[in-house]
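What follows is the residue order along each chain.
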Amino acid sequence: MQQDRLREIAAGFLGRQDARCFVGWEDLPDGSGTRVTVVSRPARVSRLVWNRSCFANTVALLPRLGGTKGVIGVAVKGCDARALRELIRSGQVDRAAVHVVGVPCDGLRERDGSLARRCHGCRYPADFEYDEVLGPMVTPDLPAHPPDDLDLGSMSREERRAFWNAEFDRCIRCEACRRICYACFCPRCIFESTDPRWVSRRDGRPEKLFFHAVRAYHLAGRCIACDECARVCPAGVRLDLLNRALRDGIAALFGYEGAGVSDIEPPLRDFCVDDPDPFAKGRT
Amino acid sequence: MTSMFLERGLLEEAAVLLARTAEVWAPVDEPGLDAPSFGRPGEGLPLAIGPRLPLLPLKTLFLPRVEELFRFAGGAEGPVVVAADVPERERVVLGALACDIRSLELLDRVLLAEPADERYRQRRERTTLLALACTGESPACFCTSLNIDPLRPSGADGLLSPTGEGWLVEALTGKGRDLFERLEPLLRPATAAEIEAAGALASISRAAVSLDPPPGGWDRVWELATWEETATRCIACGICTVLCPTCHCFDVQDEKRGSGGARFRVWDTCMSQQFTQMAHGMNPRPLHFSRVRQRFLHKLVYFAERYGAIACVGCGRCARRCPNATGIDEIAARLRADLEEDGNA
Amino acid sequence: MSGFEPRILVFACNWCSYAGADMAGVSRFQMPPNCRVVRVMCSARVRPEQVVAALVRGVDGVLVLGCHPGDCHYAEGNYHTRRRALVLERLFDALGIERERFQVSWVSAAEGARFAETIRRVVEDVRRLGPLRLEATDAAG
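Residues numbered from 1 in each chain as written. Chains lettered and ligands numbered in written order. Predicted model: local features only at pLDDT ≥ 70, side-chain atom pairs only at ≥ 80, totals over all residues.

Undergrad: Which residues make up the overall build of chain C, and what values go with them?
TA: Counting its secondary structure elements, chain C contains 4 helices and 4 strands. Of the regular secondary structure in chain C, the N- to C-terminal order runs β-α-β-α-β-α-β-α. Taking 141 residues into account, the globule formula puts the C-alpha radius of gyration at 14 Å, and chain C, at 15 Å, falls close to it. Based on the C-alpha atoms only, the size of chain C along its principal axes is roughly 55 × 35 × 25 Å. A buried classification covers 52% of the 141 residues belonging to chain C. For chain C, long-range pairs separated by at least 24 residues make up 80% of all intrachain contacts whose partners lie at least 6 apart in sequence. (Helix = DSSP H or I, 4+ residues; strand = E, 2+ residues; numbered from the N terminus. Rg over C-alpha atoms; globule rule 2.2 N^0.38 Å. Buried ≥ 20, exposed ≤ 12 C-beta atoms within 10 Å, placed from the backbone. Contact = placed C-beta atoms within 7 Å.)

Undergrad: Which residues make up the packing of helix 6 (residues 205-219) of chain A against helix 3 (residues 77-95) of chain C, and what values go with them?
TA: The relative placement of two packed helices comes down to the angle between their axes together with the axis-to-axis distance. Look at helix 6 of chain A against helix 3 of chain C: their axes get within 11 Å of each other, and the N-to-C directions meet at 135°. Taken together, the axes of helix 6 of chain A and helix 3 of chain C lie oblique to each other. Seen from above, helix 6 of chain A lies across helix 3 of chain C with right-handed handedness. Contact residues: A:Ala213, A:Ala216 and A:Tyr217 in helix 6 of chain A; C:Val87, C:Leu88, C:Leu91 and C:Leu95 in helix 3 of chain C. The residue inventory of the contact of helix 6 of chain A with helix 3 of chain C, partitioned by class, reads 7 nonpolar, no polar and no charged. (Axes fitted to C-alpha atoms, helices over the stretch in contact; angles between N-to-C directions. Parallel < 35°, antiparallel > 145°, perpendicular 65-115°, else oblique. Left-handed = near helix turned anticlockwise from the far one by under 90°. Nonpolar A, V, L, I, M, F, W, Y, C, P; charged D, E, K, R; others polar.)

Undergrad: How would you explain the interface of chain A and chain C if you had to name every residue and give the values?
TA: Chain A puts 36 residues into the contact, and the matching count from chain C is 35 residues. Going through the elements one at a time, helix 4 (157-170), helix 6 and helix 8 (239-254) of chain A are the ones with two or more residues in the side of chain A that touches chain C. Along the lines of polarity and charge, the residues of the side of chain A that touches chain C split into 24 nonpolar, 3 polar and 9 charged.

Undergrad: Provide a residue-level description of the environment of B:Ser290, including the pertinent values.
TA: Residues and elements named next belong to chain B. In this fold, Ser290 is placed in helix 8 (residues 288-307). For Ser290, a count of 15 C-beta atoms within 10 Å gives the class partly exposed. Along the chain, Ser290 and Leu130 lie 160 residues apart, while their C-alpha atoms are 40 Å from each other.

Undergrad: Break down the pairing of strand 2 (residues 34-39) of chain A for me, citing the residues and quoting the values.
TA: All names here are of chain A. Most of strand 2 sits inside the fold, with 5 of its 6 residues counted as buried. The pairing of strand 1 (residues 19-27) with strand 2 spans 6 bridges and is antiparallel. Residue Phe22 lies in a different strand from strand 2, and its bridge partner there is Val39. Between the antiparallel neighbours strand 1 and strand 2 lie 6 residues, among them Gly31 with a positive phi of about 75°. (Pairing = 2+ DSSP bridges.)

Undergrad: Could you give me a rundown of the domain arrangement of chain B, with the residues and numbers involved?
TA: Residues and elements named next belong to chain B. Domain parsing of chain B yields domain 1 (4-199) and domain 2 (225-344). Between domain 1 and domain 2, the C-alpha centre-to-centre distance is 26 Å. Domain 1 puts 33 residues into the contact, and the matching count from domain 2 is 27 residues. Among the secondary structure elements, those contributing two or more residues to the side of domain 1 that touches domain 2 are strand 4 (66-75) and helix 2 (98-111). Taken together, the residues that form the side of domain 1 that touches domain 2 break down as 21 nonpolar, 4 polar and 8 charged. (Domains from an automatic or database assignment.)

Dropping the structure here:
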């Protein structure tokens, strides 16, 4: 059983001199799902689980764990691996300071047993460097699109505008989406700046639009389409649709496969003299 | 005194009747949300009165998330300041649950202590609370552990107890009696069976959760390992502080537009790095770990020491909405376990 | 929309487009008064957040002007501007905000006529779209 193997590996890892802790998943107290957990002692690895409700991104915790000594073990499934690759590439995580345990995933499941919305169209880097694996890490053959889901592309502009108005009206600016996102690791976040204060905490549409538009822009090229933002939102705002739309737009513009899937820089860190230029159209 | 009864089919009419003389608020179902929210019946959203916990707690109606205090503008003879008054309308809340109602009583201890928060006080005075006897929503509920009776909440002006095809209706205060007088045309005497059924209601709220201090008190809790473990997994999103019925910290901000602007207050969160950030650069709680510790010590220890009760109503919102599903009940249990372990070490 | 005067914020880079604006001025080209011009050293200095902030604070359209690609005074600035603008366009698309509210154009120091024409065109584009009414709906009780 993969779960037993994971516990064995974690226990073995924690026995090392330089091991700091092991990040994985544990059952919720009421048994309704799982959550991220950090295990420091070999005796406690029995807490670790691996099943199809392990939604949380273990890798997102790494930049927050701080400290410079020792190695952190981390259980990594496909989408987490995308995050880890991107964090390493952008200098937020030192590859030498993590012990990566690859956990093969064939798609997470919602409570009703159906394939999780976010797992449709999954691509993950099977060529990613794992220190240990529970089995072959191969992208599963999953349907590309969730059935009956919203599609921004098929809405008219006015419909999209109205859609986001309704979504953002429910937003309570708790900013959990920002906190949970692996890519939001800036120690000084623009939304915490008081000088200048870019946007107030007023409940208005302009303020919420600013928050979501700017955060989406900051993620552009770095979003790994894990949909954690949408999962933690208490108001059910479909942030996954916004961030994925930008991700797809960038893929179409620059041929970029998406953060974490390949090892190249996200497009906004670079430029090309031959980039499309609709602005030079000389329409005067 | 005869017990009166409101039939299920007459609920909407009751809301309409009350709306003639007051602003009515009730839980409604909003598309996109998986829980009700407090809204105005009759504005197109269906009423959601029942043992389903609204996403945002009742405090939203008394200490609004964003509240303008005054506007200012440059005038020919100097600045002009216009205060934003609390509307004078009477309000009725239909279908409030025991946990939320208790939270107001806890907030009162802070916000009505001299000098009282005028705006909160006016809202409290002008509002009549009609409670719904709550049979409990989810295993996350533990109001009964905090001496709250979900079926007969103290602090309510009136009570609706679900039974048969409607609700048994009781006035608990003078305000409640006035309210039911207005509803009189829609009420009828309850039958003996209905009265009996109302008396037999049971709630699923857990009574076994303890937030009380362990026998030796909360001494030595400052250094416990629980904080580190909790802080490691806590992402400081602040959802708990937004959704907690007893959290009441707010920030005051000024916003300038051209030659004028406004001052308003907004809910703040102690989980934010900026919560205690001072203008000269110092921050007495610069570490995430210290902020996590502060939040729970405030709720479990400091508030109790100062105001005589733990700042928690057992609604379970924190546990349910936390991205790591960690609620205050779990923290308290771990603290006690740690203290016992230490004590026996 | 009759009677509607759009408010346009224009960022113009010091070396090319702002000089182009000067050129338009001394050549007495007629331009509508709807624009507020902010001089920046390079179009790449303009942060996308500033574009979004302008729009949410009541401006109806934003225009960013820079040197022609290849001629940037700082060699590469406008290549970055170009990429950012392409991404911002996609962001506005996704949000249902009209692309024409955010425009980018390359204007050199000698192109006074082009500056004037760009201003005229953008003002008309945004006038046609109408005001960007984001409807502040305060939930203050």
